[in-house]
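Summary of structural features
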Amino acid sequence: MAALKYAGLEDTDSEEELPPGWEERTTKDGWVYYANHLEEKTQWEHPKSGKRKRVAGGLPYGWEQETDENGQVYFVDHINKRTTYLDPRLAFTVEDNPVKPTTRQKYDGNSTAMEILQGRDLSGKVVIITGANSGIGFETAKSLALHGAYVILACRNMSRGNEAVQRILVEWHKAKVEAMTLDLASLQSVQHFAEAFKSKNVPLHMLICNAAVFGAPWCLTEDGLESTFQVNHLGHFYLVQLLEDVLRRSSPARVVVVSSESHRFTEIKDNSGKLDFGLLSPSKKEYWAMLAYNRSKLCNILFSNELNRRLSPHGVTSNSVHPGNMIYSSIHRNWWVYTLLFTLARPFTKSM
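Residues numbered from 1 in each chain as written. Predicted model: local features only at pLDDT ≥ 70, side-chain atom pairs only at ≥ 80, totals over all residues. Heavy atoms only, no water.

**Side note on the packing of helix α6 (residues 187–198) against helix α7 (residues 227–249)**
- In the contact formed by α6 and α7, the axes pass within 10 Å of each other and the chain directions differ by 30°. One finds that α6 runs roughly parallel with respect to α7. For the element pair α6 and α7, the recorded crossing hand is right-handed. Residues Leu187, Val190, Gln191, Phe193, Ala194, Phe197 and Lys198 of α6 form the contact with α7, whose participating residues are Gln230, Gly235, Tyr238, Leu239, Leu242, Leu243, Asp245 and Val246.
- The class makeup of the residues in the contact of α6 with α7 is ten nonpolar, three polar and two charged. (Axes fitted to C-alpha atoms, helices over the stretch in contact; angles between N-to-C directions. Helix = DSSP H or I, 4+ residues; strand = E, 2+ residues; numbered from the N terminus. Parallel < 35°, antiparallel > 145°, perpendicular 65-115°, else oblique. Left-handed = near helix turned anticlockwise from the far one by under 90°. Contact = heavy atoms within 4.5 Å. Nonpolar A, V, L, I, M, F, W, Y, C, P; charged D, E, K, R; others polar.)

Given below as structure tokens:
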């Protein structure tokens, strides 16, 4: 009321304003009801408008719903360390049987992962994200974990992986997250990771192939393959093959492969139109970092499309995604020229 008075609207007769003595409350499943403290009664319809309402979506991340010894629902804000009997979703109520907006209306290029997942309960879902200690991988891991999923951060550097886990736990101490070692530049490491995961005897509902290198100098992995090709594509290809049986048993499940629009600016065929394996893992003399990255991203898309064709009949879908042009992450760290380019473009690009 103080805010209304300040705005000069204290005498408003809006149909949404509750009469004196009335209070707005919510049930456990999100329906709004109204309590009249003067007459000690409750009702579903708004006392002025007669409308029935429900809250829109789930609780904001960091919030939990509890019940006190009297059966009264209250809410815990773990981020700001406070409790309240006022449902934080009451600011976003909708009328019963509303017309749902389309996805195109709800989300755009400025939407965040947290906004898209708002209201989703991912409890019981198991997710693996490669390269999840920083950048897009970390934001994805954090968003899924804060919505209840059990998230495994598959990282090459365990120290950084554990730091990322702690950053998520600081936001919500009940988040189910852990880091596991995965070096995509080593097929043996990929195999060990798959074996370690399978030993947990848990399902796998989402496998997000996110890790990548960009602008890396030419070098061969321990398997004798050019590193950009192996890390960005072949390591993930092998990982999916090793976990395919778990994905099938966990259906409905999905694989998400983070690719790039830059796949359009390359080719992996020779002059006769046949696949040129020499282009996938080139020699040092024929290597150009940007082309190697583009080719690996094209391989991502071709792989994802074929994977979806083969596994979708078994309840496992696969999609490749473009994360956005010049999104500012740490992927440019391998060469100072790319770092300079990303820094100059940063004011005009989407941040994490």
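From this point, the discussion proceeds with the structure in view.
**Brief notes about the sheet that holds strand β1 (residues 22–26)**
- An order of β1-β2-β3 is seen for the three strands of this open sheet, with the pairing classed as antiparallel. One side of each edge strand has no neighbouring strand; the edge strands of this open sheet are β1 and β3 (41–43). The sheet shows a mean angle of 30° between the axes of neighbouring strands, taken without regard to direction.
- Bridging between strand β2 (residues 32–36) and β3 involves three bridges; their strand directions are antiparallel. Bridge pairing in β3 places Tyr34 opposite Gln43. (Pairing = 2+ DSSP bridges.)

**So, the sheet that holds strand β9 (residues 126–130)**
- One open sheet accounts for six strands, arranged β11-β10-β9-β12-β13-β14; its pairing is parallel. Strand pairing shows two members of the sheet lacking a second neighbour, β11 (176–181) and β14 (316–321), which therefore form its edges. Direction aside, neighbouring strands of the sheet carry axes that sit 15° apart on average.
- Inspection of the sheet shows strand β10 (residues 150–155) paired to β11 by six bridges, in the parallel sense.

**Here we look at the pattern of salt bridges**
- Throughout the structure, instances matching the rule amount to 14 salt bridges.
- Residue Glu306 is joined to Arg310 by a salt bridge in which the shortest nitrogen-to-oxygen separation is 2.8 Å. Of this pair, Glu306 and Arg310 both sit in helix α9 (residues 289–311), four residues apart, which is roughly one turn of that helix.
- Glu306 gets classed as partly exposed once you look at its relative accessible area, which sits at 28%.
- One salt-bridge network, held together by shared partners, links Glu139, Lys142 and Glu171. (Salt bridge = Lys/Arg side-chain N within 4 Å of Asp/Glu carboxyl O. Buried < 20%, exposed > 50% of the residue type's maximum accessible area, 1.4 Å probe, protein only.)

**Focus: the packing of helix α4 (residues 135–145) against helix α5 (residues 158–171)**
- Packing of α4 against α5 brings their axes to within 10 Å, and their N-to-C directions diverge by 40°. With respect to the hand of their crossing, α4 and α5 are arranged in right-handed fashion. Judged by residue contacts, Phe138, Ala141, Lys142 and Ala145 of α4 engage Ala164, Arg167, Ile168 and Glu171 from α5.
- Tallied by class, the residues present in the contact of α4 with α5 amount to five nonpolar, no polar and three charged.

**Some words on unusual backbone geometry**
- In the segment running from Ser251 into Pro252, the intervening peptide bond is cis, with an omega of 5°.
- Here Pro252 shows up in the loop between α7 and β13 (253–258).
- The backbone phi angle of Glu40 is positive, close to 55°, even though this residue is not glycine.
- Within the element layout of this structure, Glu40 appears in the loop between β2 and β3.
- Under the relative-accessibility criterion, Glu40 is labelled exposed at 73%.
- Positioned with a positive phi, Lys81 is a non-glycine residue whose angle comes to about 55°.
- The residue Lys81 is located in the loop between β6 (73–77) and β7 (82–84) in this model.
- A residue is classified by how much of its surface remains accessible, and Lys81, at 66% relative accessible area, is exposed.

**Observations concerning α6**
- Counted at 1.5 Å a residue, the expected span for α6 with its twelve residues is 16 Å, and the 17 Å between its end C-alpha atoms agrees.
- Among the residues of α6, those classed as buried are Ser189, Val190, Phe193, Ala194 and Phe197. The buried side chains of α6 occupy one side of the element, clustering within an arc of 140° when seen end-on.
- Next to the buried residues of α6 lie β9, β10, β11 and α7. (Expected span 1.5 Å × (residues − 1). Arc of directions from axis to C-beta.)

**Things to note about the environment of Leu122**
- Secondary-structure assignment places Leu122 in the loop between α3 (113–116) and β9.
- Expressed as a C-alpha distance, the spacing of Leu122 and Gly148, which sit 26 residues apart in the sequence, is 4.8 Å.
- Those residues in contact with Leu122, other than ones at most four positions away along the chain, are Leu117, Leu144, His147, Gly148 and Ala149.

**A few points about the packing of aromatic side chains**
- Taken as a whole and assessed by the stated rule, the structure comprises four aromatic pairs.
- Look at Phe214 and Tyr293: their rings are 4.8 Å apart centre to centre, the planes differ by 85°, and that puts the pair in the edge-to-face class. Here Phe214, found in the loop between β12 (206–209) and α7, pairs with Tyr293, found in helix α9; they are 79 residues apart in sequence, far enough to count as distant. Summarising the burial analysis for this pair, Phe214 and Tyr293 share the class buried.
- In this structure, Arg167 is placed above the aromatic ring of Phe138, and the distance from its NZ or CZ to the ring centre is 3.9 Å. (Phe/Tyr/Trp six-rings, centres within 6.5 Å; stacked < 30°, edge-to-face > 60°. Lys NZ or Arg CZ within 6 Å of the ring centre and 35° of its normal.)

**Looking at the UniProt feature "domain: WW" (unreviewed entry) in the protein**
- The feature "domain: WW" (unreviewed entry), as given by UniProt, occupies residues 16–49 and 57–90 in the numbering adopted here.
- Annotation note: span residues 16–49, helix share 0%, strand share 38%, distance between end C-alpha atoms 7 Å.
- With 0% helix and 38% strand, residues 57–90 has its two end C-alpha atoms placed 11 Å apart. (UniProt positions renumbered as here; feature names shortened; annotations may be inferred.)

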